[in-house]
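What follows is the residue order along each chain.
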Amino acid sequence: MKLNKIVLPLVLALSATLAATTGCTHKFAGKVTNLPNHGAVTTGETAANPNIPPAPPIEPPTPPPVSTPVTPPAMPEHPPTAEINLENYNLDRQTLAAYTVHFKFDSAVVEDSEQANIASVAQALGEANLKLLIEGHCDERGTEEYNRSLGERRALALREALGKVNLDPMRVKTISYGKDKPVDPGHDEAAWAKNRRGEFILLHPKVPAQ
Amino acid sequence: MKKNTLYYLVIGFTMVATMATWADDIIVSGGGSIFGQKPIPVALEGFTGEAASVLMFDLYVQGFSFVSPGAAQYLIKGSGADNVTGSLTDNFAHKMLLSRTYNGASARRQAHAFADDIVGAIRNLKPIGGTKIAFKSQSPGGSGEIYVADFDGNDAKPVTTDGAIVAKPAWMPGRMALYYTSYARSNPDIFYHSLSSGQRRVIAGYSGLNTGAAVSPDGSKVAMILSKAGSPNVWVCNADGTDLRRLTKGVEDSSPCWSPNGEWICFAAKINFRRVLAKVPAGGGEVQRLPTSGVSNPTEPDWSPDGKWIAFTSQMGDFSICVMAADGSLSPVVLVPGQNPSWSPNSRTLVYNHGPNSRQSLAVLDVFTRQTKDCRRAPGSNSEPAWAR
């Protein structure tokens, strides 16, 4: 008698537990997750603005950040780049177009065969008020950022080659376009050979408006 | 006698067959490296349309495969009509692991949240369903815009409208803010751009090349490539551009990234005319080469948030996504064709770009099963993705 009083509730409890964990799973209401209505969030930020505002006009560049003293480059053949603001110059892409220098695959070495072009460019820069822009370009066989550095290295190598024929490196600005501006859109060696290049653009100072 | 011979023959054949099966099994399991794991088989029931496609994308790129209910280790049941409601049952243990209803936001967000809960319950991974990626979209003429999208490519929106050449977006950790390269001022400069306020400014606009921004895990510093001293090298500055310091002096460096503890900056260098991976202490110090035996031309390293792996691009003819152990204990393994890998916050998946040069697509790769899925395309050629983390 006493035993029944204890066992019966136990059996009932056990059946209830079993029902809850097995047979009745489809009836299990489950938890509710309420999602915020403001769209996706990035890790760590919850109040992301779903409507990205359009980019405003670019603010004028901030004054050069305060920098700690920079040790001079390890190799003296790599002079620091020159501060030349293109807004103060008219770009002349024609005069030096014939002297475009080409490079071997994955190389920033200025070949001996290109020395005539280097000499011609140095000569054309005779007048001291003229400055030079060198564009470094690559073929498509390299990743974008690798080519951006390689294009810059090519432009800098041309600047260094011009320095050896006494063109002041401070008159030369370099810019790398990586593989973003091929002259030939083809995908063969003929196209790639044309695209691995350094282009020379003559910079004429703008006459200040009076 | 005859009967006995037959008997032994049958036994013999059975043994050979069994051993052959074992041998096959051994080869399969032995050849399957850490990056060749089998996906977990699940069955998806009751979901259609958008909810089904979100669940299938999210689960596939986190190491799950889809099978019939009888063959499934886990059963995912529910409905995407109205609100997403679903349950997850372990078919082997006969145990329900999850049952939940999702309210609010969009059907996509609800399905991503359910996928996160499933992956969390089975693999104990940090959720990625609500994470964003940034990338560049380029037109055939070379100019492009920086875009931000869900990690699967949905809801892509341009964040720039300059019509200039752009490159290499990088997230400020935990914030809706990017750094990227833009030629908008006729020079490759590095911009900081807050996506919540729209405010942006140049943090590196020095003469020469300014590119490859990478933000330190604590958000306080930015590593980048500058050529201001005469060579494209790794420099580091504060998040606002101040306190600039040069870290490397090699002939040609690219693509810096941070170790998750913020102590190292890993990058692609050139030594003896060859591309190599190297690392340098973030506070300055000696450059150390990273061994990448077995693969050529490594570039674009990205260190996993858990610190274990370094993913990178290798070029051996075509580009490949490779992963190696950051401590050198596992040599690089070539996973899939592609370039520019970027780790997800949970260190399991990578977003990368692949395809023909002028029409790149983004894709998500589960590194441990090598399962990949293409992201939804934005206009133009999509490349250089960065996963917000």
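Above this text sits the structure in question.
Visitor: I tried to follow the sheet that holds strand β6 (residues 132-138) of chain B on my own but got confused; where do I start?
Guide: The strands making up a sheet associate through backbone hydrogen bonding, with each pair oriented either parallel or antiparallel. Residue and element names in this part refer to chain B. Pairing is antiparallel across the open sheet formed by 4 strands, whose spatial order is β8-β7-β6-β29. Looking at the sheet topology across the chains shown, the edges are occupied by β8 (157-158) and β29 (381-387). As paired elements, strand β7 (residues 144-150) and β8 share 2 bridges and run antiparallel to each other. Within the sheet, the bridge partner assigned to Y147 lies in β8 and is P158.

Visitor: Which parts of the structure should I look at to understand the packing of helix α2 (residues 49-60) of chain B against helix α3 (residues 107-123) of chain B?
Guide: Describing two packed helices takes the angle between their axes plus the distance from one axis to the other. Residues and elements named next belong to chain B. Axis separation between α2 and α3 bottoms out at 9 Å; the angle between their running directions is 35 degrees. For the element pair α2 and α3, the recorded crossing hand is right-handed. Each of E50, A51, V54, L55, D58 and L59 in α2 lies in contact with α3, whose residues at this interface are A107, R108, A111, H112, F114, A115, I118 and V119. The class makeup of the residues in the contact of α2 with α3 is 10 nonpolar, 1 polar and 3 charged.

Visitor: I keep staring at empty space enclosed by the protein and nothing clicks. Help me out?
Guide: A water-sized probe, rolled over the atoms, reveals where empty space remains. For the coordinates displayed, the defined rule picks out 2 cavities of 30 Å³ or more. Looking at the largest cavity, the residues that line it are F105, D106, C138, D139, R141, Y146, N147, L150, R154 and R196 of chain A together with R275 of chain B. In this structure, the second largest cavity encloses a volume near 30 Å³. Taken together, Y146 and S149 of chain A together with E252, D253, S254, A268, A269, K270, R275 and T299 of chain B form the lining of the second largest cavity. Sorting the residues of the lining of the second largest cavity by element identifies α3 (144-164) of chain A together with β18 (264-271) of chain B as the ones contributing at least two each. For the lining of the second largest cavity, the element with the most residues is β18 of chain B, which contributes 3 residues.

Visitor: Help me understand the interface of chain A and chain B, please; the structure alone is not making it clear to me.
Guide: Accessible area lost during the coming together of the parts is what is often quoted as the interface size. Across the boundary between the two partners, chain A contributes 71 residues, which contact 94 residues of chain B. Here chain A packs against chain B, burying approximately 6,400 Å² in sum over the two surfaces, 53% of which is carbon and sulfur. A salt bridge links K136 of chain B to D180 of chain A; the shortest N-O distance between them is 4.0 Å. In this structure, the connection of chain A to chain B is made through 29 residue pairs in polar contact (both at pLDDT 80 or more). For the side of chain A that touches chain B, the secondary structure elements donating two or more residues are β1 (31-34), α3 and β5 (172-178) of chain A. Sheet topology note: the β1 of chain A/strand β5 (residues 95-103) of chain B ladder contains 4 bridges and is parallel.

Visitor: For this particular structure, what's the right way to read the nonpolar core?
Guide: Nonpolar side chains in soluble globular proteins tend to end up buried together. Ranked by size, the top nonpolar core spans 24 residues in total, and within it F47, I76, F114 and I118 of chain B carry the most contacts. Excluding residues that lie within four positions of it along the chain, F47 of chain B makes contacts with A52, L55, I76, K77, G78, S79, G80, V84, T85, G86 and F114 of chain B. Formed by 20 residues, the second largest nonpolar core is a distinct cluster that contains I118, L132, A155 and L167 of chain A.

Visitor: Is there a simple way to explain the packing of aromatic side chains in this structure?
Guide: The relative placement of two aromatic rings is captured by the distance of their centres and the angle of their planes. Scanning the model with the defined rule gives 11 aromatic pairs over all chains in all. Ring centres of Y177 of chain A and Y183 of chain B lie 5.3 Å apart, and the angle between their planes is 25 degrees; on these two criteria the pair is classed as stacked. Residue Y177 of chain A is found in strand β5, and its partner Y183 of chain B is found in the loop between β10 (177-182) and β11 (189-194); the two belong to separate chains. The ring centre of Y206 of chain B lies 5.0 Å from the NZ or CZ of K228 of chain B, which sits over that ring. Residue placement shows K279 of chain B over the ring face of W264 of chain B; its charged tip is 4.1 Å from the ring centre.

Visitor: When you look at the packing of helix α2 (residues 115-124) of chain A against α3 of chain A in this model, what are you seeing that I'm missing?
Guide: All names here are of chain A. At a minimum axis distance of 9 Å, the contact between α2 and α3 shows a crossing angle of 70 degrees. As summarised for this structure, α2 and α3 are arranged roughly perpendicular, according to the angle between their axes. Touching I118, V121 and A122 of α2 are L158, A161 and L162, all from α3. When grouped by side-chain class, the residues that make up the contact of α2 with α3 number 6 nonpolar, no polar and no charged.

The rules behind each value
Residues numbered from 1 in each chain as written. Chains lettered and ligands numbered in written order. Predicted model: local features only at pLDDT ≥ 70, side-chain atom pairs only at ≥ 80, totals over all residues. Heavy atoms only, no water. Pairing = 2+ DSSP bridges. Helix = DSSP H or I, 4+ residues; strand = E, 2+ residues; numbered from the N terminus. Axes fitted to C-alpha atoms, helices over the stretch in contact; angles between N-to-C directions. Left-handed = near helix turned anticlockwise from the far one by under 90°. Contact = heavy atoms within 4.5 Å. Nonpolar A, V, L, I, M, F, W, Y, C, P; charged D, E, K, R; others polar. 1 Å grid on protein atoms, 1.4 Å probe; cavity = no way out; pocket = protein on both sides within 12 Å on 5 of 7 lines; lining within 4 Å. Points joined across faces, edges and corners; volume = space filled by probe spheres on them. Buried area = accessible area lost by both parts, 1.4 Å probe. Salt bridge = Lys/Arg side-chain N within 4 Å of Asp/Glu carboxyl O. Polar contact = N/O pair within 3.5 Å; in protein donor to acceptor, adjacent residues only side chain to side chain. Core = buried A, V, L, I, M, F, W, Y, C linked by side-chain atoms within 4.5 Å. Buried < 20%, exposed > 50% of the residue type's maximum accessible area, 1.4 Å probe, protein only. Phe/Tyr/Trp six-rings, centres within 6.5 Å; stacked < 30°, edge-to-face > 60°. Lys NZ or Arg CZ within 6 Å of the ring centre and 35° of its normal. Parallel < 35°, antiparallel > 145°, perpendicular 65-115°, else oblique.

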